[in-house]
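# Secondary and tertiary structure notes
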Amino acid sequence: MVDWSLAGQIARFAAGSDDRERLAFDFDEASERALGQVSGYSGLELFGPAPPVHEVSRSEWAESNLTALSDLLEPVSQRLEDRLGRAGPLAGALRAATGATLAAEVGLVMGYMSQRVLGQYELSLLQPEVPPQRLLFVTPNLRRAVRDLEVDEESFLSWVVLHEVTHVLQFSGVTWLREHLGALLREYLTTVEVRIDRGAAGGLPSLPDPSLIVERFRDGGLAALVQTREQRRLMERIQCAMAVVEGYSEHVMDAVGADVLPEYDGLREAMERRRRSRSAPERLLLRLLGLDQKMKQYEDGKRFCDAVASEAGLEKLNLVWHAPTALPTASELRSPATWIGRLEADPVATA
């Protein structure tokens, strides 16, 4: 349904030119070292071999994620193609136009994201068997971040590695995590339909309540405008889980970084400055696409994990990894004490 070749061309164009100069930094050695440091602090263990490390360009990162996205959207694309196939004589033209439009949108979004991402633990949540995993580091973006933030290169890059390696240990050491997130994602995708709702007279599309439009957009950008109540419920569960995954990594990179990095002081402030230093059009684009939810995951999750670790200790925080029922709800993310109280009152949640 989607012209993925066209999407790749647009993503490469949107990603811009890459500086191919390699960083004078050994990501393999840093990753191996970080595995021991993060495991020693968190208690999470690596089962199986460590994923290989790859330094990639922006366009290579975009291409890799487009491949993953094509697998992710296949069920939705198939349902859309079946629907268009019933459009009669216009089916071919509609299919071509829709495929090109989706390719342009996907390519532009992926190209834009490739200019910002620093590192990624590449893992598929939907394949039944755990596929080969990789640690990706986008060297042009890392080099630019070091220059723009005026931080020590060795410490900053090691700090980013700590974050991504924490993800490796989360999905390796928490045996239910990948399956749980994959199940939520599959359930969500089965509800996704691309459709045009028409009014009662069969003419112009029906108009929803304007106040509801504003409320949904405030919560999740354009994507939220077309979500059903069931989809929003599922998306909230996915976002809560991902907030813990990201927030825990943010907590660990600070806790470990403060002990092992010679120039740690100022790195967190520099990173927050980078996340805030977007122009007004860029912030609007993030909002429209719903990508600001990713930044909110970092903030809400880190605030939750820092608070629990500070008030009750790391052992209490690690209860989030005992079972899916131990993950915080949206309200508990905002009130860590409520989450602590629930788990203390209900030991079954962490059984």
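Conventions we followed
- As a convention, each chain's residues are numbered from 1 in the sequence order in which they are written.
- Per-residue local features of the predicted model are confined to residues with pLDDT of at least 70, and side-chain atom pairs are confined, for both listing and counting, to 80 or more; whole-chain, interface and lining totals are unaffected and use all residues.
- The side-chain values count all of the structure's non-hydrogen atoms but skip hydrogen atoms and water molecules.
- To qualify as a helix, a DSSP run of H or I must reach at least 4 residues; to qualify as a strand, a run of E must reach at least 2; elements of each kind are numbered from the N terminus.
- Expected helix span is given by 1.5 Å per residue-to-residue step, counting one fewer step than there are residues.
- Exposure classes here rest on a 1.4 Å probe applied to the protein chains alone. A residue is buried below 20% of its type maximum, exposed above 50%, and partly exposed in between.
- Note on definitions: a residue-residue contact is assigned when non-hydrogen atoms from the two residues lie within 4.5 Å.
- Counted as a polar contact is a pair of N or O atoms within 3.5 Å, where, for protein atoms, one must be capable of donating a hydrogen and the other of accepting one, and residues adjacent in sequence contribute only when both atoms are in side chains.
- Every case where a carboxyl oxygen of Asp or Glu lies within 4 Å of a side-chain nitrogen of Lys or Arg is listed as a salt bridge.
- Each axis is a line fitted through C-alpha atoms, taken for helices only over the stretch in contact, and angles between the N-to-C directions span 0 to 180 degrees.
- Angles below 35 degrees are treated as roughly parallel, those above 145 as roughly antiparallel, those between 65 and 115 as roughly perpendicular, and all remaining angles as oblique.
- Note on convention: near helix rotated counterclockwise from far helix by under a right angle means a left-handed crossing. Clockwise means right-handed.
- The residue classification treats Ala, Val, Leu, Ile, Met, Phe, Trp, Tyr, Cys and Pro as nonpolar and Asp, Glu, Lys and Arg as charged. All others, Gly included, are polar.
- Buried Ala, Val, Leu, Ile, Met, Phe, Trp, Tyr and Cys residues that are joined via side-chain atoms within 4.5 Å together make up what is termed a nonpolar core.

## Describing helix α2 (residues 27–42)
Taking 1.5 Å as the rise per residue, α2 with 16 residues should run 22 Å; its terminal C-alpha atoms sit 21 Å apart, in good agreement. Those residues of α2 that fall on the buried side of the exposure criterion are Phe27, Ala30, Ser31, Ala34, Leu35, Val38 and Ser42. Of the surrounding secondary structure, the elements contacted by the buried residues of α2 are β1 (53–56), β3 (134–138), α5 (139–149), α6 (153–173), α9 (229–260) and α13 (314–317). Regarding α2, its N-cap is aspartate 26, as a side-chain oxygen of that residue lies 3.1 Å from the backbone nitrogen of aspartate 28 further along. Residue glycine 43 follows α2 closely and has a positive phi angle near 85 degrees.

## Comments concerning the pattern of salt bridges
Tallied over the full model, the rule gives 13 salt bridges. One salt bridge connects arginine 268 with glutamate 250, and the closest N-O pair in it is separated by 2.7 Å. Of this pair, arginine 268 sits in helix α10 (residues 267–276) while glutamate 250 sits in helix α9, and the two are 18 residues apart along the sequence. Comparing arginine 268 with glutamate 250 shows no difference in burial state: the two are buried. The shortest N-O distance in the salt bridge between glutamate 272 and arginine 268 comes to 3.1 Å.

## Quick notes on the packing of α6 against α9
Running from N to C, α6 and α9 cross one another at 130 degrees; their axes reach a closest spacing of 8 Å. Comparing the axis directions of α6 and α9 gives the class oblique. Here the hand of the crossing between α6 and α9 comes out right-handed. Seen from α6, the contacting residues are Trp159, Leu162, His163, Thr166, His167, Gln170 and Phe171; seen from α9, they are Val244, Val245, Glu246, Tyr248, Ser249, Glu250, Val252, Met253, Asp254, Val256 and Gly257. Grouping the amino acids of the contact of α6 with α9 by side-chain chemistry returns nine nonpolar, six polar and three charged.

## Side note on the packing of helix α7 (residues 177–191) against α9
Where α7 contacts α9, the two axes come as close as 10 Å, and the packing angle between them is 155 degrees. Regarding the angle of α7 to α9, the classification is roughly antiparallel. Taken as a pair, α7 and α9 cross one another with a handedness that is left-handed. In this structure, α7 uses Leu177, His180, Leu181, Leu184, Leu185, Glu187, Tyr188 and Thr191 to contact α9, whose residues at the interface are Glu230, Gln231, Arg233, Leu234, Met235, Arg237, Ile238, Ala241, Met242 and Val245. Split into classes, the residues belonging to the contact of α7 with α9 amount to 11 nonpolar, three polar and four charged.

## Some details on the nonpolar core
Among the nonpolar cores identified, the biggest contains 70 residues, and Phe27, Leu142, Phe156, Trp159, Leu317 and Trp321 are the most heavily contacted of them. Take this core: its biggest share by element is 12 residues, from α9. In this structure leucine 317 touches Tyr248, His251, Phe304, Cys305, Val308, Ala309 and Trp339, once residues within four positions along its chain are discounted. Ranked by size, the runner-up nonpolar core spans 14 residues in total, among them Ala11, Leu66, Ala103 and Val106.

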